[in-house]
Amino acid sequence: PQLRGIAIMDRGGHPLISSNVWPVPKDLNFSDRGYFKAQMKPEAGTYVSTMLKPRMQGIGSYFFALTQRRPSDDGLFNGIVSIAILPSTFESFYARMGRNEGSYFALARRDGSILARYPVPNERAVKLDESSDFRVGIAKGNQRDIYSVDSQIDGVARRIGYRKLDGFPVYVLAGVERSAIIREWFGYLSSHLIFGIPATAFLY
């Protein structure tokens, strides 16, 4: 259900066929897209784009693309295969996981571009800057890390952990609001004090 569409494009960026539209519009060109330019390099592998607005009918909302290079028989660049993925599918899954107060989940590229997030941001095309703890950790070569941060996106203080997703150039993040941690800790502490204080008084 997360796959919104599949398209094949020629070496000039023109769509040859699409799972959403038939016939494909002849005037469309995707050669300016980052995911297309990236696949012109032989070693690009599977490329994950930033959040994008659709140009072709049938997608309907913001998406990110997974692309792979189409080589010709002699190994030269012959276009790409592109799969459009809706972030809402991941966000619905995150929402089911995030039933605890203050839960946070996200899927992000190494450049800080957010592909999916819960709570869902107001602005879809959001990106963490170079000073963010996430990008600083990535720049150091960390495949995983845990840190505390005041979010650049919504200003909420959180404790967050991340790790690279095997086989893909993206990272999964999970965390919880600092205020929720404190409330849970005080609740745990209070439950012990209710029984602990009377018992301690009895000893005297």
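Just above, that's the structure.
Residues numbered from 1 in each chain as written. Predicted model: local features only at pLDDT ≥ 70, side-chain atom pairs only at ≥ 80, totals over all residues. Heavy atoms only, no water.

*Asks:* What is the right way to look at the overall build of the chain in this model?
*Replies:* The helix and strand inventory of the chain stands at four helices and 10 strands. Reading the helices (α) and strands (β) of the chain from amino to carboxyl end gives β-β-α-β-β-β-α-β-β-α-β-β-β-α. Within the chain, the proportion of its 204 residues that are buried is 36%. For the chain, the computed accessible surface area is about 12,200 Å², with 57% contributed by carbon and sulfur atoms. (Helix = DSSP H or I, 4+ residues; strand = E, 2+ residues; numbered from the N terminus. Buried < 20%, exposed > 50% of the residue type's maximum accessible area, 1.4 Å probe, protein only. Areas by Shrake-Rupley, 256 points an atom, 1.4 Å probe, with all protein chains shown as cover.)

*Asks:* Please explain helix α2 (residues 87-97) as it appears in this structure.
*Replies:* What sets the pattern is the α-helix's 3.6 residues per turn: residues three or four places apart point alike. For α2, the full list of buried residues reads P87, E91 and Y94. The buried side chains of α2 occupy one side of the element, clustering within an arc of 60° when seen end-on. Buried positions along α2 lie against β4 (64-71), β5 (77-85), β6 (103-109) and β7 (114-118). (Arc of directions from axis to C-beta. Contact = heavy atoms within 4.5 Å.)

*Asks:* Could you clarify how one ought to interpret a nonpolar patch on the surface in this entry?
*Replies:* On the surface, a nonpolar cluster with roughly 360 Å² of combined accessible area is contributed by L16, I17 and W22. Its place among the elements puts L16 in strand β2 (residues 15-18). Classification of L16 by relative accessible area gives partly exposed; the value is 42%. (Patch = residues over 30% accessible without salt bridge, like charges linked within 9 Å, V, L, I, M, F, W, Y side chains within 5 Å. Salt bridge = Lys/Arg side-chain N within 4 Å of Asp/Glu carboxyl O.)

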